[in-house]
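One-letter residues, chain by chain:
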Amino acid sequence: MSDFSVTAASRPQKWIAGVLVATYAIITLLPLLWIIATGFKSPADAIAYPPKLVFDPTLEGYVNLFTTRTRQTADYLAANPPQGWAEELVRKYDMVIVGPSRFGERFMNSMIIGFASTFLSVFLGTLAAYAFSRFRVPLKDDLMFFILSTRMMPPIAIAIPIFLMFRKLGLSDTHAGMIMLYTAVNLSLAVWLLKGFIDEIPREYEEAALIDGYTRFQAFTKVVLPQAATGIASTAIFCLIFAWNEYAFAVLLTSGTAQTAPPFIPTIIGVGGQDWPAVAAGATIFLLPVVVFTILLRKHLLRGITFGAVRK
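Residues numbered from 1 in each chain as written. Predicted model: local features only at pLDDT ≥ 70, side-chain atom pairs only at ≥ 80, totals over all residues. Heavy atoms only, no water.

1. Observations concerning the overall build of the chain
Quick reminder of the rule: In DSSP terms, a helix is any run of H or I states spanning at least four residues, a strand is any run of E spanning at least two, and both are numbered starting from the N terminus. It is over C-alpha atoms that the radius of gyration is taken, and the globule rule equals 2.2 Å times the number of residues to the power 0.38. In this description, contact between two residues means that some pair of their heavy atoms is separated by no more than 4.5 Å. Methods summary: accessible areas were calculated by the Shrake-Rupley approach with a probe of 1.4 Å, and residue burial reflects only the protein chains presented. Neither His nor the chain termini are counted; the positive set is Lys and Arg, and the negative set is Asp and Glu. To locate a charge, take atom NZ for lysine, CZ for arginine, CG for aspartate or CD for glutamate.
Secondary structure summary: the chain contains 16 helices and four strands in total. Radius of gyration (C-alpha) of the chain: 26 Å, far over the 20 Å computed for a compact globule of 312 residues. By its C-alpha atoms, the chain is 85 × 75 × 35 Å across when sized along the principal axes. The contacts of the chain with a sequence gap of at least 6 include a subset with a gap of at least 24, amounting to 74%. For the chain, the accessible surface area stands at approximately 19,000 Å², while carbon and sulfur atoms represent 69% of it. Each charge class in the chain was averaged separately, 25 positive and 20 negative side chains, and the resulting centres sit 6 Å apart.

2. A few points about unusual backbone geometry
Tyr 49 connects to Pro 50 through a cis peptide bond whose omega is 0°. Looking at where Pro 50 falls in the secondary structure, it is placed in the loop between helix 2 (43-46) and helix 3 (60-66). For Asp 173, which is not glycine, the phi torsion reads 60° and is therefore positive. Structurally, the position occupied by Asp 173 is in the loop between helix 8 (159-169) and helix 9 (175-199).

3. Some points on the pattern of salt bridges
The condition is simple: We define a salt bridge as a contact between a side-chain nitrogen of Lys or Arg and a carboxyl oxygen of Asp or Glu at a distance within 4 Å. Relative accessibility under 20% of the residue-type maximum defines a buried residue, over 50% an exposed one, and the middle range a partly exposed one, all with a 1.4 Å probe and only protein chains included.
Counted according to the given criterion, the structure contains eight salt bridges. A salt bridge links Lys 92 to Glu 60, with the nearest nitrogen and oxygen atoms 3.1 Å apart. With Lys 92 in the loop between helix 5 (85-91) and strand 2 (95-100) and Glu 60 in helix 3, this pair connects stretches of sequence that are 32 residues apart. Here Glu 60 falls in the buried class, since its relative accessible area comes to 5%.

4. Considerations on the nonpolar core
Keep this limit in mind: For this analysis, a nonpolar core means a set of buried residues of the types Ala, Val, Leu, Ile, Met, Phe, Trp, Tyr and Cys, connected via side-chain atoms within 4.5 Å.
In terms of nonpolar packing, the biggest core is built from 22 residues, with Leu 65, Phe 103, Trp 244, Ile 265, Ile 268, Ile 285 and Phe 293 touching the most fellow members. Elements supplying a minimum of two residues to this core: helix 3, helix 6 (103-134), helix 12 (229-245), helix 14 (261-264) and helix 15 (276-296). The element that contributes the greatest number of residues to this core is helix 15, accounting for seven residues. If sequence neighbours within four positions are ignored, Leu 65 has contacts with Ser 101, Phe 103, Ile 268, Ala 278, Ala 281, Gly 282 and Ile 285. The next biggest cluster of nonpolar side chains, apart from the first, holds 14 residues, and it includes Phe 166, Leu 171, Tyr 182 and Phe 249.

5. Re the layout of surface pockets
So the rule is basically this: Points on a 1 Å grid, built from protein atoms alone, make a cavity when a 1.4 Å probe fits but cannot get out and make a pocket when they are open with protein on both sides within 12 Å along at least 5 of 7 lines; residues with an atom within 4 Å of a point are the lining residues. Grid points are joined across faces, edges and corners, and a volume is the space filled by probe spheres set on the points. Gly is put with the polar residues, along with every residue not named as nonpolar or charged; the nonpolar set is Ala, Val, Leu, Ile, Met, Phe, Trp, Tyr, Cys and Pro, and the charged set is Asp, Glu, Lys and Arg.
In this model, the second largest pocket occupies a volume close to 240 Å³. In this structure, the second largest pocket is lined by Thr 150, Arg 151, Met 153, Pro 154, Pro 155, Ile 158, Ile 162, Leu 181, Ala 184, Val 185, Phe 242 and Phe 249. For the lining of the second largest pocket, the leading source of residues is helix 9, giving three residues. Taken together, the residues of the lining of the second largest pocket sort by class into 10 nonpolar, one polar and one charged.

6. Some details on the packing of helix 1 (residues 11-38) against helix 15
Relative placement of two packed helices is described by the angle separating their axes and the distance separating the axes. Stated precisely, the cut-off is as follows: Where helices are involved, their axes are fitted lines through C-alpha atoms of the stretch in contact, as for all axes, and angles between N-to-C directions lie from 0 to 180°. Here the angle decides the label: under 35 degrees means roughly parallel, over 145 means roughly antiparallel, 65 to 115 means roughly perpendicular, and every other value means oblique. Crossing handedness: left-handed means the near helix sits turned counterclockwise from the far one by under a right angle, and right-handed means the same turn made clockwise.
Packing of helix 1 against helix 15 leaves a shortest axis separation of 7 Å and a crossing angle of 125°. In terms of their interaxial angle, helix 1 and helix 15 are classed as oblique. Both helix 1 and helix 15 take part in a crossing whose hand is left-handed. Counted together, Leu 32, Ile 35, Ile 36 and Thr 38 of helix 1 and Trp 276, Pro 277, Ala 280, Ala 283, Thr 284 and Leu 287 of helix 15 form the full contact between these two elements. For the contact of helix 1 with helix 15, the class distribution of residues is eight nonpolar, two polar and no charged.

7. Section: the packing of aromatic side chains
Selection criterion: Between 30 and 60 degrees the pair is tilted, below 30 it is stacked and above 60 it is edge-to-face, where a pair is any two Phe, Tyr or Trp rings, Trp via its six-membered ring, whose centres lie within 6.5 Å. Our definition puts a charge over a ring when NZ of Lys or CZ of Arg is within 6 Å of the ring centre and also within 35 degrees of the ring normal.
For the coordinates displayed, the defined rule picks out 12 aromatic pairs. Summarising the aromatic geometry, the rings of Phe 66 and Phe 103 are spaced 5.5 Å apart at their centres and angled 85° between planes, so their arrangement reads as edge-to-face. Note that Phe 66 is positioned in helix 3 and Phe 103 in helix 6, a separation of 37 residues in sequence. A relative accessible area of 38% means that Phe 66 is categorised as partly exposed. On the numbers, 4.6 Å between centres and 55° between planes, the contact of Tyr 130 with Phe 220 is tilted. With a gap of 90 residues between them, Tyr 130 in helix 6 and Phe 220 in helix 11 (residues 216-227) connect regions that are remote in the sequence. Of the two residues examined, Tyr 130 and Phe 220, each falls in the buried class. Feature note: the residues Phe 66, Phe 103, Phe 107, Phe 115, Trp 244, Phe 264, Phe 286 and Phe 293 constitute an aromatic cluster, connected by ring pairs. Just above the ring of Trp 34 sits the side chain of Lys 41; from NZ or CZ to the centre is 4.3 Å. In this arrangement the basic side chain of Lys 222 is found over the ring face of Tyr 214, its NZ or CZ atom lying 5.4 Å from the centre.

8. Quick notes on a nonpolar patch on the surface
As a reminder of what qualifies: Without a salt bridge and with relative accessible area above 30%, a residue can belong to a patch; like charges are then joined within 9 Å and nonpolar side chains (Val, Leu, Ile, Met, Phe, Trp, Tyr) within 5 Å.
Taken together, Leu 29, Leu 32, Leu 33, Leu 287, Val 291 and Ile 295 make up a surface patch of nonpolar side chains, about 480 Å² in accessible area. When residues of the nonpolar patch are traced back to their parent elements, those giving at least two are helix 1 and helix 15. The topology assignment puts Leu 29 in helix 1. What makes Leu 29 partly exposed here is its relative accessible area of 42%.

The following block contains the structure:
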């Protein structure tokens, strides 16, 4: 008799699964690839109908994204020849570059607010999750449900009260205000995710460390945290994605100093209307930090999704 496994997939099953996965990946990546391609189109090609799959690539979208331009007279353009390749790209529209745009500032605001709120959410969430997992907290189940309930309502439902509170406290359009707000919103997710990971870590590890002379804090930092690294990384990814993509609060509570990239990108206006290549270029650049962050932690993310699925 030949060896046979009821769990191992046969060759046809593997082939079918591979085709399905590849098809799903293509369908999922197609909108992203279209956005990236649009960033290298000219304004005319970006709105052409039927859509152009083959086009002459150009960096007009990225130039328009990072610069501020103004239209000038023919005499001015003749007296002032273009300086550099970027200037030459905008001269075809009888325009000159007068300075940088504010996209760089908005992008840095997203970096500061997104990563700072993610760090605080994971830091505070880890401490709270450890307390709920290891200590006898009065009304623990009620408190956990209350924490979870903060995610049940849509953010827009509390937008007006938060707007009035921020205006009263002087937190409107400030980095500190947005970081605290995103941290508060993400904290419930961090607590619930991390509690599940810490519950899976045997208490015997900590008890052995305490017997060896470790303090409770040392046992937490040297025993629990390394074991929970997978859950912490997974939680950080989800918290960053929310803070990075959040739009409603950013529109309502910021306008200049602390405005992030999501409210700014749709407002990019070009010659005759919306500058779609610049919008696509901004969306492409905006995706990069989250993509890089997720790739760096992808091993932890895959382990975190399946952590605790099989119990011994």
